[in-house]
Amino acid sequence: MNTVAEPTVIDAVDRAIIVATQKGLPLVARPYHAVAEQVGIAAEDVMSRMQRMLDHGIIRRIAAVPNHYALGYKANGMTVWDVADARIDELGRRVGELECVSHCYHRPRHLPDWSYNLFAMVHGHDRTEVEAQAQQIAELLGDACRGHEILYSTRILKKTGLRLGG
Amino acid sequence: MMDALDRAIINALQNGFPICAQPYEAVAQQLGTTEQELLVRLGKLLEAGTLSRFGPMYHAERLGGALSLAALKVPPQDYERVAEQVNALPEVAHNYERNHALNMWFVLATETATAQADAVDKIERETGCTVYNMPKLAEYFVELKLRV
């Protein structure tokens, strides 16, 4: 499990690297050298600083993010579960390990309107597939779960990347 | 259309990318292609929107920032007005309409926790709707792993 962490210290050079790479890594043979040139430091420093940020979890990973819709995953369900508080960490971890789950969080309830405390995003080609994935989660949770719902997005109202100011 | 090499690239690059002088060369070797071909393919996949981004994923909270998921129960007749008011805030990163009584769900991304509380207050004041703020208490998994 990954509890909400204390901020890790980054300095002005780290910050410059983040600003230079948060839109993406350059598509050139030596991308870290290109970043180094932009930031004005040696390529070795860019690589060692990025490795340090990776080791400390400041960088979750360096990777490609697929577009669900473009890959045919047109049904994206936010499944929400009312799970016994005493078991949520153990069960949340196991739900997060399921192949179909991309994000899994413990969030606060807002009673009486909102009784769900476990959120798991699942992705399917259609809603039938999403429902089957939810069933898999339901079986895993068993009698620790008192109820669940699947919320689908019916419209994207706004979508911008998360950005750190330069 | 994607071919086998495109699929192999998408599957491989979701798992991670090396930090070394010529990382594309290293990945290309594993995939049995050339550095140049990989760069061209990757550029096309990004341009076509098959990949929404490629690079380091930064962890906002570890940079001192605050992220939260929040929801509103918006009366149908007010929905477009409220969507406009919520979207106008730079702190709102994503906003989705969802099929539930809580029918508007958005991500608040701020540089501090105080700024998050301020954004919540501002949204309540402007829209007249109660904000159901749900900052994460624990994170069990965050990773896309779509096989193609």
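Everything numeric in this text was worked out from a predicted model, so none of it was measured.

Criteria and cut-off values
Residues numbered from 1 in each chain as written. Chains lettered and ligands numbered in written order. Predicted model: local features only at pLDDT ≥ 70, side-chain atom pairs only at ≥ 80, totals over all residues. Helix = DSSP H or I, 4+ residues; strand = E, 2+ residues; numbered from the N terminus. Rg over C-alpha atoms; globule rule 2.2 N^0.38 Å. Buried ≥ 20, exposed ≤ 12 C-beta atoms within 10 Å, placed from the backbone. Domains from an automatic or database assignment. Pairing = 2+ DSSP bridges.

Draft legend 1. Geometry of the overall build of chain A. Counting its secondary structure elements, chain A contains five helices and six strands. Reading chain A from its N terminus to its C terminus gives the helix and strand order β-α-α-α-β-β-α-β-β-α-β. Here the C-alpha radius of gyration of chain A, 20 Å, is well above what a compact globule of 166 residues would show, namely 15 Å. Overall, chain A is about 55 × 35 × 25 Å in size when its C-alpha atoms are taken along their principal axes. Out of the 166 residues in chain A, the part that is buried amounts to 31%.

Draft legend 2. Representation of the domain arrangement of chain A. Partitioning chain A into domains gives domain 1 (12-55) and domain 2 (75-152). Centre-to-centre, using C-alpha coordinates, domain 1 of chain A lies 37 Å away from domain 2 of chain A.

Draft legend 3. Layout of the pairing of strand E4 (residues 104-110) of chain B. Residue and element names in this part refer to chain B. Buried residues dominate E4, accounting for six of its seven residues. Bridge analysis of strand E3 (residues 92-98) against E4 gives five bridges, and the strand direction is antiparallel. From the neighbouring strand, Val-92 faces E4, where its bridge partner is Leu-108. Hairpin connection, E3 to E4: the antiparallel pair is bridged by five residues.

Draft legend 4. View of the domain arrangement of chain B. Partitioning chain B into structural domains gives domain 1 (4-47) and domain 2 (60-134). A C-alpha centroid distance of 37 Å is found between domain 1 of chain B and domain 2 of chain B.

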